[in-house]
Amino acid sequence: MSDNTSSSRREFLLTAAGGGLGLSGLAAVGAADTPTVGSKAHIVVPQRQVPVLAEADVLVCGGGTAGISAAYCAARHGAKVVLVERWPSLGGMATGALVNIWHTSDRTKQVIFGFVQEAIDRGGKFVRRLPSYPTAYETHDFDCEGMKVVFDRMLRDAGVRVFCDLKAIESIVEGNRIRGVLVDTKTGRKALLGRIVIDATGDGDVAANAGLPFDYGRLEDGRVQGMTMMFDLRGAVPSGGNQAPREAARRVLQTMRELRDRGQFPQFNDRHAQHYLASGSNGLYNLCPASGSALDEEELTRLSADARAHVYQYLDLWRKELPHFAQAEIVQMGHGIGIRESRRVRGIKTLDTQMVISAAKQPDAIGHGFWMIDIHDPTGTGYTTHSDHKPGMWLKPGESYHIPLGICLNRQIPNLAVVGRCASTTHEGLASVRLQSHCMVMGQGVGTCAAMALASGIDLAQVDVGKLQATLRKDGVYLEEVAV
Ligand SMILES: Cc1cc2nc3c(=O)[nH]c(=O)nc-3n(C[C@H](O)[C@H](O)[C@H](O)COP(=O)(O)OP(=O)(O)OC[C@H]3O[C@@H](n4cnc5c(N)ncnc54)[C@H](O)[C@@H]3O)c2cc1C
C-alpha cells in the first residue's frame, strides 16, 4: 500500500544550512509544531513509494499555446499523450493572462499556418481575422474564454489525456534520461511518466529540475522583461472624429504623468495610454506594467495584487476626469500578471538578435518567425522597444527567419525537449520568438518530432530532419528556403 496519504504522520529531517539555527535533528513537522526557521533551513524528505497516476509516450508539461500545439501534433501522429497544466484551464498566457492577438503574417503574406491555422479554423466564432490582414503582423484576435473551450475540444478530439490543476514539481531523472515528473494531487504525491517529456511550462521548470543549464534575464543585471496585468474595460464611448474627448484625454494623460512622477500614481505604458484614452477604446488594455522575478511566488503574489489595485486607480481617475469614460467598468483582469520571460533553457542552438534581424535560414527549420526584438522595460516603466520602432530591431516587410529545432533540443537529456518561451534564446532572441504563433510553431515541430522518434525507437535529435520537414509540410506548415 502506498504511504502517501495526507493523514500519515511522517518523520522529516529538519536542518539549517549555515549553522546557528539550532534546528538540526529529527522533528515531526505539523501545523502546531512547525518551527520558524531562516530561509537557509531545509528538510530532508524521506523515501516513499509514489503511485503512478498516468503513463504516456509523450508527457507534455504546461498547457499554454506551445504545450497544446505539441500535445495535439504528437497525438495526431499516433503517440499516446498526457498533458499536465497547473491552472484550471488551457491556454496559458493566451487565455489566463488575456493575451488575445495572433500574428501570422510577414506584413506581405501569411507565413504561419499548420497548427496555428487549425486553431484559427477550429476557433470559429471565437476568432476574428483583422481588417488589416495580411499587411500587418497582427492578423487575428480571439475571445479568451471561448478559446479555452476550443483548446479543450481540440485536445480531447486528438485523444490527449489532460490533467489541469496539477503542477510538475519535480523531474524524475535516471542516468541521462528523464522518466517523468512528480505532481501533488488532492490525494497525495503521484508520478506522471513519459518516454519523451516536453517542457512547455514557460518557466522551464521541468528542464531546470532535471538539471539542464539555463539563462535568466538580460546580461547586464539578470532582469527579465517587464510584466503586464491585462484588463478588459467596457462602457467607454468611442471618440470617433470628435475633438473634445481627445483634448480631455491629452489633459488627463498629462495629469497621470505628473502624479506618477511624484510617486502618487502607478506606472503605465505611455504610448498605449495615449491610444486607449484618446479613442475611448473598449476591450483589452495592455497598459499596467510591473517588474520582478518570474520564479518567486511571493513576489508574483504581490505583483499581481498591486497591479489589480493599480488598474482601479486608473479607472477612478478616468471615470472622474474623462466624460467618455464616465460609465467605464473593468469586467475582467488576467488570472495572474502576464509574464513575458523566465528561464531560457540552453539548447543545441541559441536564437539571438543576429539570427532574427538577418532573417537567417536554418537546415533544421520547423517554421518561420518574423516578430521584432520587442523588449518591455525590465524595470517596469511600461516602455517597449516595439513602440518607438528602434532601428536594428525590425525585419523588413516580406522577411522572416527560421525557427530551428535545435533551440528546443539539448545534448544532455536526449528524451527531454522544451517548447515556447523557455526555449534556448538570448534575452533579445526571446523578445521575438516569444510570440504565441512562434511558440505554436515550436510545439508543432517538437510534438511531431517526438511521435516520429517514438515510432522509430530513436531519440529526438536522431530524427531525420528532412523527413520531419516533409511531415510538417504535409500538415500545413509553411517552410520555405530551408538551408542545406
Ligand atoms: C502582457 C503580455 C502581452 C503579450 N502580447 C502578445 C501578443 O499580443 N501576441 C502574442 O502572440 N504574444 C504576446 N505575448 C507573449 C505570449 O503571450 C507568450 O510568450 C506565449 O503565450 C508563451 O506561450 P507558452 O506556451 O510558451 O507559455 P505560457 O503561455 O506561459 O504557458 C505555460 C503554461 O505552463 C503552465 N505551467 C507553468 N509551470 C508549470 C508546472 N510546473 N507544471 C504544470 N504546468 C505549468 C502555466 O500555467 C501555463 O499554462 C504577450 C505576453 C504578455 C505577458
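Residues numbered from 1 in each chain as written. Predicted model: local features only at pLDDT ≥ 70, side-chain atom pairs only at ≥ 80, totals over all residues.

Draft legend 1. Main features of the pairing of strand 5 (residues 81-84). Here strand 5 shows two buried faces, one formed by V81 and L83 and the other by V82 and V84. Pairing of strand 4 (residues 52-61) with strand 5 involves four bridges; the strand directions are parallel. Residue pairing for strand 5: V60 is matched across the bridge by L83. With helix 1 (residues 65-76) bridging strand 4 and its parallel neighbour strand 5, the resulting β-α-β unit is right-handed. (Buried ≥ 20, exposed ≤ 12 C-beta atoms within 10 Å, placed from the backbone. Helix = DSSP H or I, 4+ residues; strand = E, 2+ residues; numbered from the N terminus. Pairing = 2+ DSSP bridges. Right-handed = clockwise from strand over helix to strand, strands pointing away.)

Draft legend 2. Structural context of the environment of H402. The residue H402 is located in strand 19 (residues 401-404) in this model. On the basis of neighbour count, H402 is assigned to the buried category, with 24 C-beta atoms found within 10 Å. It is 5.4 Å that separates the C-alpha atoms of H402 and A365, two residues lying 37 residues apart in sequence. Aside from chain neighbours lying at most four places away, what touches H402 is A360, K361, Q362, A365 and H368. (Contact = placed C-beta atoms within 7 Å.)

Draft legend 3. Helix 6 (residues 243-261), seen in detail. For helix 6, with 19 residues, the first-to-last C-alpha span of 27 Å sits near the 27 Å given by 1.5 Å per residue. Every buried residue belonging to helix 6 is among P245, A249 and M256, and all of these are buried. The buried residues of helix 6 occupy one face: seen down the axis, they fall within an arc of 40 degrees. Helix 6 presents Q243, A244, E247, R250, R251, Q254, T255, E258 and D261 as exposed residues on the side facing more than 90 degrees away from its buried surface. (Expected span 1.5 Å × (residues − 1). Arc of directions from axis to C-beta.)

Draft legend 4. Spotlight on unusual backbone geometry. Between Y133 and the following residue, P134, the backbone shows a cis peptide bond with an omega angle of -5 degrees. In this structure, P134 sits in the loop between strand 7 (127-129) and strand 8 (138-142). Positive phi values are uncommon outside glycine, yet D165 reaches one of about 60 degrees. Mapped onto the elements, D165 comes out in the loop between strand 9 (161-163) and strand 10 (168-174). Judged by local crowding, D165 falls into the partly exposed class, with 13 C-beta atoms found within 10 Å. Positive phi values are uncommon outside glycine, yet E481 reaches one of about 55 degrees. By the element assignment, E481 lies in the segment after helix 12 (465-474).

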